[in-house]
Amino acid sequence: MSEKGNPQISRRQLFGLAGMALGSAGLATLSKGASAQTTDVSAHVLSFDNTAEMRASTALKAGDTVFTKGYYQAGDGGHAYYLIRQGSQQNEDKGKYHNCTNNKFAELQLNGVANILCFGAKGDNQEESALANRHAILAAASALPESGGTILIPSVGTAKYRIDANWPNHGGVTIRRSNITLIVENGALLHSLHNGTGADGHVIGFAGEAHAPIENCHICGGGAIASNTSSGVGAENAIGFTNVVNFSCVGMTVPHSVFKGITAQGNVHNGIISGNRIGQTRFDAIAIETDTHFDNDYFVIENNTIEHAGVGYTEQSPAVAGIKFTAASSLKSFNVITQNNRVKKSLHYGYSYNLCDTIKNHSDICDEAGLDGFEWRSCNDINAHVTSKNSGRDGIKLDSCGSQINVECNISWPSRYAINILRPRSLHVLKPFISGNKHQYRLSTTSDQTINTPSIHIIHPQFADNAWGNNGGYWTGDIMPHVDFGNRVSRLILPESTAPDVTASTLYTVNNERGVLVSNLTGANAPDKEVELFFVNTNTTLEHANGNLRLKGHSNVTPPVGGSIKLRFINNLWHETYRSF
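Thresholds, definitions, all that
Residues numbered from 1 in each chain as written. Predicted model: local features only at pLDDT ≥ 70, side-chain atom pairs only at ≥ 80, totals over all residues. Heavy atoms only, no water. Helix = DSSP H or I, 4+ residues; strand = E, 2+ residues; numbered from the N terminus. Buried < 20%, exposed > 50% of the residue type's maximum accessible area, 1.4 Å probe, protein only. Contact = heavy atoms within 4.5 Å. Areas by Shrake-Rupley, 256 points an atom, 1.4 Å probe, with all protein chains shown as cover. Pairing = 2+ DSSP bridges. Axes fitted to C-alpha atoms, helices over the stretch in contact; angles between N-to-C directions. Core = buried A, V, L, I, M, F, W, Y, C linked by side-chain atoms within 4.5 Å. Polar contact = N/O pair within 3.5 Å; in protein donor to acceptor, adjacent residues only side chain to side chain. Expected span 1.5 Å × (residues − 1). pLDDT = per-residue confidence, 0-100. Salt bridge = Lys/Arg side-chain N within 4 Å of Asp/Glu carboxyl O.

## Description of the overall build of the chain
- Within the chain one finds three helices and 47 strands.
- In the chain, buried positions account for 56% of the 581 residues.
- Pairs at least 24 residues apart make up 60% of the contacts formed inside the chain by residues separated by at least 6 positions.
- Entry remark: accessible area of the chain is about 22,900 Å², with carbon and sulfur atoms responsible for 47%.

## Let's talk about the sheet that holds strand β4 (residues 97-100)
- Within the open sheet, the five strands sit side by side as β1-β2-β3-β5-β4. Their pairing is mixed. Strand pairing shows two members of the sheet lacking a second neighbour, β1 (46-48) and β4, which therefore form its edges. Neighbour-to-neighbour, the strand axes of this sheet turn through a mean angle of 30 degrees, independent of strand direction.
- Pairing between β4 and strand β5 (residues 104-108): four bridges, direction antiparallel. Bridging across to β5, Y97 finds its partner in E107.

## Brief notes about the nonpolar core
- If you look at the biggest cluster of nonpolar residues, it comprises 93 residues, and the most contacted ones within it are F206, I225, W376, I382, I396, L398 and V407.
- Here this core gets six residues from one element, more than from any other, and that element is helix α3 (residues 130-143).
- Excluding residues within four positions of it along the chain, L398 makes contact with W376, I382, I405, V407, N420, I421, L422, H428 and L430.
- In terms of nonpolar packing, the next biggest core, distinct from the first, is built from 18 residues, V502, Y508, L533 and W574 among them.

## Focus: unusual backbone geometry
- Cis geometry is adopted by the peptide bond preceding P318, which originates at S317 and carries an omega value of 0 degrees.
- Within the fold, P318 resides in the loop between β23 (305-309) and β24 (321-326).
- Although it is not a glycine, K94 adopts a positive phi angle of roughly 50 degrees.
- Residue placement: K94 occurs in the loop between β3 (80-86) and β4.
- Located in the positive-phi region is D528, a residue other than glycine, with phi close to 65 degrees.
- Mapped onto the secondary structure, D528 falls in the loop between β42 (516-518) and β43 (530-535).

## A short note on the environment of N548
- Within the secondary structure layout, N548 lies in the loop between β44 (540-542) and β45 (549-550).
- In the structure, N548 is positioned 26 residues away from W574 in sequence and 5.9 Å away in space, judged by C-alpha atoms.
- With sequence-adjacent residues up to four places away left out, N548 is seen in contact with S519, N520, L521, N572, L573 and W574.

## Some thoughts on the pairing of strand β30 (residues 380-389)
- As judged from the eight bridges shared by strand β28 (residues 356-366) and β30, these two strands associate in the parallel manner. Bridge assignment links D357 to a residue of β30, and that residue is N380.
- Strand direction decides the pairing type here: β30 and strand β32 (residues 402-412), joined by nine bridges, are parallel. Looking across to β32, one finds that N383 is bridged to N406.

## Some points on the side chain of S519
- Structurally, S519 is set in the loop between β42 and β43.
- Within the local environment of S519, its side chain forms a polar contact with the side chain of N520, the two groups lying 3.2 Å apart.
- Leave out the neighbours within four places in its chain, and S519 touches T498, E543, G547, N548 and L549.

## Focus: α3
- The end-to-end C-alpha distance of α3, which contains 14 residues, comes to 20 Å, matching closely the 20 Å that a straight helix rising 1.5 Å per residue would cover.
- Burial in α3 covers these residues: A130, N133, R134, A136, I137, A139, A140, A141 and A143.
- Where α3 is buried, its residues meet β6 (113-115), β7 (149-153), β8 (160-162), β9 (173-175), β11 (189-191) and β12 (202-207).

## Quick look at the confidence of the model for the chain
- Per-residue pLDDT for the chain averages 82, and the proportion of residues at 70 or more is 77%.
- Ignoring residues within four places in sequence, the model shows residues 1-15, a span with pLDDT below 50, making 34 contacts including any to other chains.

## Remarks on the side chain of K260
- Inspection of the secondary structure puts K260 in the loop between β17 (253-257) and β18 (262-266).
- The buried category is assigned to K260, whose relative accessible area is 10%.
- Of note is the side chain of K260, whose polar atom sits 2.4 Å from the side chain of E289.
- Among all residues touching K260, those that are not within four sequence positions of it are E236, N237, A238, T281, F283, D284, A287 and E289.

## A few points about the pattern of salt bridges
- Scanning all chains against the criterion turns up 23 salt bridges.
- The residue D284 makes a salt bridge to K324 at a minimum N-O spacing of 3.3 Å. Here the residue D284 occupies a position in the loop between β20 (277-281) and β21 (286-290), and K324 occupies one in strand β24, the gap between them amounting to 40 residues.
- The class for K324 is buried, based on a relative accessible area of 12%.

Quick look at the structure:
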């Protein structure tokens, strides 16, 4: 047990959870609408068409084994075996226990799998079946042994199970037990068309207590869970995990959600969300939202596809993301892995990380975001290889991040900055590949606190359309980055000033954001030193003879985009020796 009272799990074990969940999904395919028993009936077993006939039979004797061909009628998928016992059952739920005539009761025989059709569920897509379906899921969970088991939502017939929360104090179905795997078979749909008033806030999910979380809870099977279809309003999130340790959601589809798609909240640890497809959500598609009292460890978000997050949402706050990690206060989410995910469209952010430690992004893609493709805020130890396309603001943004920051990124067509770095707390190493019309980077130490300005290293930047040649893009802000072009010419950014300092290098990119008249160069540290200035816009004019510049033609010059000028320091003056235009 950890200091927090939660079992610890290694990364190897964590990845194993996904295999366990996928293995459980195979169980669903094998059962295909059956309970845990075979349908072969021997001559020594009493057989009835449905449970009502069994309850009404006067031929039952204690010790008999009974087979019913269905729950409501033969062939409806609710076939099962029962053991007849003497007496009556006070806890009759018409699922695990059925009271019969002549002071007998029937006990459902389970083998670790509880098929909700054996508990009175109806997959007929009718609102009047919603209460029976809610009851069936909860009764199935209660019927499993203390060691746990599997709840099966089978693909039989229409296989559309309504669990509408359209009466007071119901906000979806919440399973409050450990060691449960919920299988929604491929072809089955569990959904709600009416909003509830309960506090759980999901169509279906697992929940423990903040200081007593439940464990080993999984949802899989390839089916669908939705909190709204067509024009209806659902029970907020589609799938939820609250105060759960060791959980997974694997291979599911969320076609619609009036709120969020898949969420984990509170005291959550060791979670896998893998291979899911999420259609349209009003808010975040996948969200890990931690509690103010707990650090939260180990999350793997992988191989998920998100179609459109933020549909129908018109506010700017809270911001919407395809995939979001949000930690509370100064506590952090540790060991976050997101890989091979694709966010096709998000209203605000493709991916958003707040207060996370040890983040690995590998091959994550954002096709379109209203604001930033990727945002890391107050995060440490980032190792990312990402692709950001068509962002309404920045391709990637790092705000107040520290420790080890290594980002390799493919960025195309951002509307503002390709890379925006704010308040960096340590060395940032970036290797960008840029295409489109915005090769602009912003670096700023704007902060209420005094901090040491760290180094920003841009390693081997590449540009698909060669719009800026070897200059490293257009930099703004108050940090001077170091740009390493590998075997190409390396240039520093000339400070935006009327008298910029050229002590640090002999090669500079000039990219002043607004019109600047340069009359002096300062900081020459050797006679005959020569500097070359490469201009990426027409915002800079060099002034002849009013300072220490001596230019050809004895006149001021505004170099064109792509132009370069060389000057040599002779007798305390900078003399122009070459211009390319």
